[in-house]
2 protein chains.
Amino acid sequence: MSESDTVEGLGELGTLARILPRLPEGASTLLGPGDDAAVVAAPDGRFVVTTDLMVHGPDFRLAWSTPYDLGWKAAASNLSDVAAMGARPTALVVALAVPGETAVDFLESFADGLREGCAEMAPGCGVVGGDMSVSSTMTIAITAFGDLEGRAPIRRDGARPGDVVAVSGALGRSGRGLDLLFALGVDRDGVPDASLARDLRERDADVGWHVAPTPPVADGVLAAVAGATSMLDLSDGLALDAGRVARASRVVVDLDSATLGSDPRAALAGGEDHSLFATFPQGAALPGGFRAVGVVNSARDATYRVTLDGRDLIEATGWDPYARWSGAAG
Amino acid sequence: MSESDTVEGLGELGTLARILPRLPEGASTLLGPGDDAAVVAAPDGRFVVTTDLMVHGPDFRLAWSTPYDLGWKAAASNLSDVAAMGARPTALVVALAVPGETAVDFLESFADGLREGCAEMAPGCGVVGGDMSVSSTMTIAITAFGDLEGRAPIRRDGARPGDVVAVSGALGRSGRGLDLLFALGVDRDGVPDASLARDLRERDADVGWHVAPTPPVADGVLAAVAGATSMLDLSDGLALDAGRVARASRVVVDLDSATLGSDPRAALAGGEDHSLFATFPQGAALPGGFRAVGVVNSARDATYRVTLDGRDLIEATGWDPYARWSGAAG
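Every chain is numbered on its own, with residues counted from 1 as its sequence reads. As a convention, the first chain written is A and the first ligand written is 1, with the rest following in written order. With the structure being a predicted model, the display of local features is reserved for residues of pLDDT at least 70 and the display and counting of side-chain atom pairs for 80 or more, all residues being used for whole-chain, interface and lining totals. Side-chain measures here rest on the full set of heavy atoms in the structure, leaving out hydrogens and waters.

An unreviewed UniProt entry lists chain A under the name Thiamine-monophosphate kinase, with Frondihabitans sucicola as the source organism.

In terms of helices and strands, chain A carries ten helices and 13 strands. Taking 330 residues into account, the globule formula puts the C-alpha radius of gyration at 20 Å, and chain A, at 20 Å, falls close to it. Its C-alpha atoms give chain A principal-axis dimensions of about 65 × 55 × 30 Å. Buried, partly exposed and exposed residues are distinguished by accessible area as a fraction of the type maximum, computed with a 1.4 Å probe on protein chains only: under 20%, between the cut-offs, and over 50%, respectively. Across the 330 residues that make up chain A, the buried fraction comes to 61%. Long-range pairs, those at least 24 residues apart, make up 86% of the contacts in chain A between residues at least 6 apart in sequence. Helix and strand definitions here come from DSSP, where helices need a minimum of 4 consecutive H or I residues and strands a minimum of 2 consecutive E residues; each element is numbered from the N-terminal end. Computation of the radius of gyration draws on C-alpha atoms alone. For the globule rule, the value is 2.2 Å times the number of residues to the power 0.38. Any two residues whose heavy atoms approach within 4.5 Å are treated as being in contact.

For the least-squares superposition of copies, only C-alpha atoms count, and only for residues with pLDDT at least 70 in both. Here chain B sits on chain A after a turn of 180° about the axis and a move of 0.0 Å along it, with an RMSD of 0.0 Å. Such a turn and shift between the copies fits a two-fold axis. When C-alpha positions in chain B are compared against the rotation axis, the closest is assigned to glycine 45 of chain B, at 2.3 Å. Taken together, the interface assignments show that 100% of the residues at the interface of chain B recur at the interface of chain A, consistent with an identical surface on both copies.

This part takes up the confidence of the model for chain A. For chain A, the mean per-residue pLDDT works out to 92, and 94% of the residues sit at or above 70. Counting interchain partners and residues more than four positions distant, the pLDDT-below-50 stretch residues 316-330 of chain A has 40 contacts. Residue-level confidence of the predictor is what pLDDT reports, using numbers from 0 through 100.

What follows concerns the UniProt feature "binding site: Mg(2+) 1" (unreviewed entry) in chain A. The UniProt record annotates "binding site: Mg(2+) 1" (unreviewed entry) at Thr51, Asp52 and Asp131 of chain A. Inspection of the secondary structure puts aspartate 52 of chain A in strand E3 (residues 46-55). Beyond its immediate chain neighbours, meaning those up to four positions away, aspartate 52 of chain A contacts Ser77, Asn78, Ile140, Ala141 and Ile142 of chain A together with Asp131 of chain B. At a separation of 3.3 Å, a polar atom in the side chain of aspartate 52 of chain A contacts the side chain of serine 77 of chain A. Following the sequence through the fold, aspartate 131 of chain A ends up in strand E5 (residues 126-134). Excluding residues within four positions of it along the chain, aspartate 131 of chain A makes contact with Glu12, Val94, Ala95 and Leu96 of chain A together with Thr51, Asp52 and Leu53 of chain B. UniProt positions are given in the numbering used here, feature names are shortened, and annotations may be inferred rather than shown by experiment. Here a polar contact means two N or O atoms within 3.5 Å. Within protein one must be a hydrogen donor candidate and the other an acceptor candidate, and residues neighboring in sequence count only if both atoms are side-chain atoms.

Below, the discussion takes up the packing of helix H2 (residues 67-83) of chain B against helix H3 (residues 104-121) of chain B. Residues and elements named next belong to chain B. Running from amino to carboxyl end, H2 crosses H3 at an angle of 40°, the nearest separation of the two axes being 6 Å. By the criterion of interaxial angle, the relationship of H2 to H3 is oblique. Pair H2 / H3 crosses with right-handed handedness. When H2 is examined against H3, the residues Pro67, Tyr68, Leu70, Gly71, Trp72, Ala74, Ala75, Ala76 and Leu79 are found in contact with a partner set consisting of Phe106, Ser109, Phe110, Asp112, Gly113, Leu114, Glu116, Gly117, Cys118, Glu120 and Met121. All residues other than Ala, Val, Leu, Ile, Met, Phe, Trp, Tyr, Cys, Pro, Asp, Glu, Lys and Arg, Gly among them, are scored as polar; the first ten of these are nonpolar and the last four charged. Classifying every residue of the contact of H2 with H3 gives 13 nonpolar, four polar and three charged. Interaxial angle, 0 to 180 degrees, is taken between N-to-C directions of lines fitted to C-alpha atoms, where a helix line uses only the stretch in contact. Each angle receives one of four descriptions, namely roughly parallel if under 35 degrees, roughly antiparallel if over 145, roughly perpendicular if within 65 to 115, and oblique otherwise. Two helices cross in a left-handed way if the nearer one is turned anticlockwise from the farther one by less than a right angle. They cross in a right-handed way if the turn is clockwise.

In this section: the UniProt feature "binding site: Mg(2+) 4" (unreviewed entry) in chain A. As annotated in UniProt, the feature "binding site: Mg(2+) 4" (unreviewed entry) corresponds to Asp36, Thr50 and Asp81 of chain A in the numbering used here. In three dimensions, the annotated residues from a span of 46 residues occupy distinct locations, with a maximal C-alpha spread of 26.3 Å. Position of aspartate 36 of chain A relative to the elements: it lies in the loop between strand E1 (29-31) and strand E2 (38-41). Its relative accessible area of 8% is what places aspartate 36 of chain A among the buried residues. Excluding anything up to four places from it in sequence, aspartate 36 of chain A contacts Thr50, Asp81, Ala84, Met85, Arg156, Met231, Leu232 and Asp233 of chain B. Secondary-structure assignment places threonine 50 of chain A in strand E3. On the basis of relative accessible area, threonine 50 of chain A is assigned to the buried category, the value being 5%.

Attention shifts here to the domain arrangement of chain A. Residues and elements named next belong to chain A. All the domain ranges listed were derived from an automatic or database domain assignment. Once the domains are mapped, chain A shows domain 1 (3-147), domain 2 (164-170 + 213-318) and domain 3 (176-212). Computed over C-alpha atoms, the centres of domain 1 and domain 2 are 29 Å apart. Listed per partner, the contact involves 17 residues of domain 1 and 14 residues of domain 2. Accessible area that two parts lose when put together, evaluated with a 1.4 Å probe and summed over both, is termed the buried area. Counting the surface lost from both domain 1 and domain 2, the interface buries some 1100 Å², and carbon and sulfur atoms represent 66% of this. Looking at the side of domain 1 facing domain 2, the largest losses of area belong to Lys73, Ala84 and Met121, adding up to 38% of the total buried there. Any carboxyl oxygen of Asp or Glu within 4 Å of a side-chain nitrogen of Lys or Arg constitutes a salt bridge here. Run the count over domain 1 and domain 2 and you get one salt bridge. As a salt-bridge pair, lysine 73 and glutamate 272 come within 2.9 Å of each other at their nearest N and O atoms. Across the contact surface, domain 1 and domain 2 share three residue pairs in polar contact (both at pLDDT 80 or more).

Below you can see the structure in the form of structure tokens.
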């Protein structure tokens, strides 16, 4: 590889010139990249915004994720947060810090994953701007925007006793894929190994789902239109995230183990599926891919919590980057 | 310092609980931190957005910048990009990746700098959301938003022959401060030294201006209202940034050396002042802190460039993080 194939060799402007043409323009983009700032349409006079960091080590490992996967997952995890407010994703901005010796090819593949992820999960969503810097630790910062189309945002605190609890999207697949990678995608010293991970991915689809999930982004708007009373993105696992709705809404969320598939424990604990959790008024027709997984009960004793089949559930510990990072990288 | 004083000890939620109360709520915030996404007002049906990464090493050094400085400068550099579109800053989101052993005090001071920077430069601008992760390389990603209040965005490509070229804010102060830090704020091995930098800062105000500048953010809206035909944020130095306007607008920007202070060379080359560069129709009253520094000429031979007193100016090389980073950190 010649120096001109690295970001250091090409420089910031040269690198951007290779990446920008691969990014989607977007239907809501009034002024795209190239000026001090972009201008995005916000037709109802408000916009939804969420931001997310992905850091090499705690959040991904280059031995396990291709650059295309990283672009796809960066889109997925942010688009699902926009969707969880009941909004339609309109635009993203992307800031990247990479080692100077990173191949520009790598960033092109990242851009391809981002573009195709947007096209698959949120057609019309564009990349309107970004920034680049150098860092010895690869870091991806995405900020995503959405349009509420005149509706109220669907918050975490609106669940009411009697509501149906529903989920759209996978439960536990991403966590199972990550468990497989930690068990079988590492060498004898426990270091993530690209070749082992590739083989594993061919044998088990949950591995690919972990590194590049496809959450049901369009179901966010459908849920809002159908009258969802609360909604959130399942990033830390069903048990933990349902607990957030329970506390915010001052209710008990009772989950039905019979609806949680063959491995309810994995469905409850596994994070990063970015599926949608929502509550709907009793009797509402569940839209899109939503299926009932429980009911909302009142909390007579003011302990807002999650129960499973009516019994107290010891909540699984969720993902806390400060608590868990071992420093292992690959 | 006990473990509970570090972000690793407190965890993500505990750390956020210490930081969030220090951040400004903002007059345009319809739904602040705590849900999957925030909701921000965009009264004219559009919003301006810019994003910026600050990475320890290429973009700042902990030996030279206090955490308060970093928060202030993160606000300054992003607010000035919003201002350079002619927009009023409304909101920010902040994503931070820090080493696990970082003291929560550090992040509290960062939040204080961000809050007071917003209050000084863009009153009413709030912090509506964020994200945290761990990284061995401290990284700050800010995305800022603005309201055009019904006006057209002021782009780089609108300068016309005959326009007055004007600048609001300092020219070359930040670059001079950085030069001083590189010359006198390092130990014998060239490593940035906190004690030397502190002494230097007490002796020379440009050092403090480099680590925490106060660009004339409010002048962005004033320029737009006064009819500015082009505008940008002077982040890479007057010569280089004026060249961007010249090429985008297909004109020649002629600067008048007599207007550039006692050290025109420093004024032309120094970056990171985040002052505003704008062009105004001939005869327009220059608003706020704007002062004339030149005129726009037509480019008869299709070479869009910057001249100084009518003579060709060899453009100073601007800041390119990939081209310049030595890996020195401190």
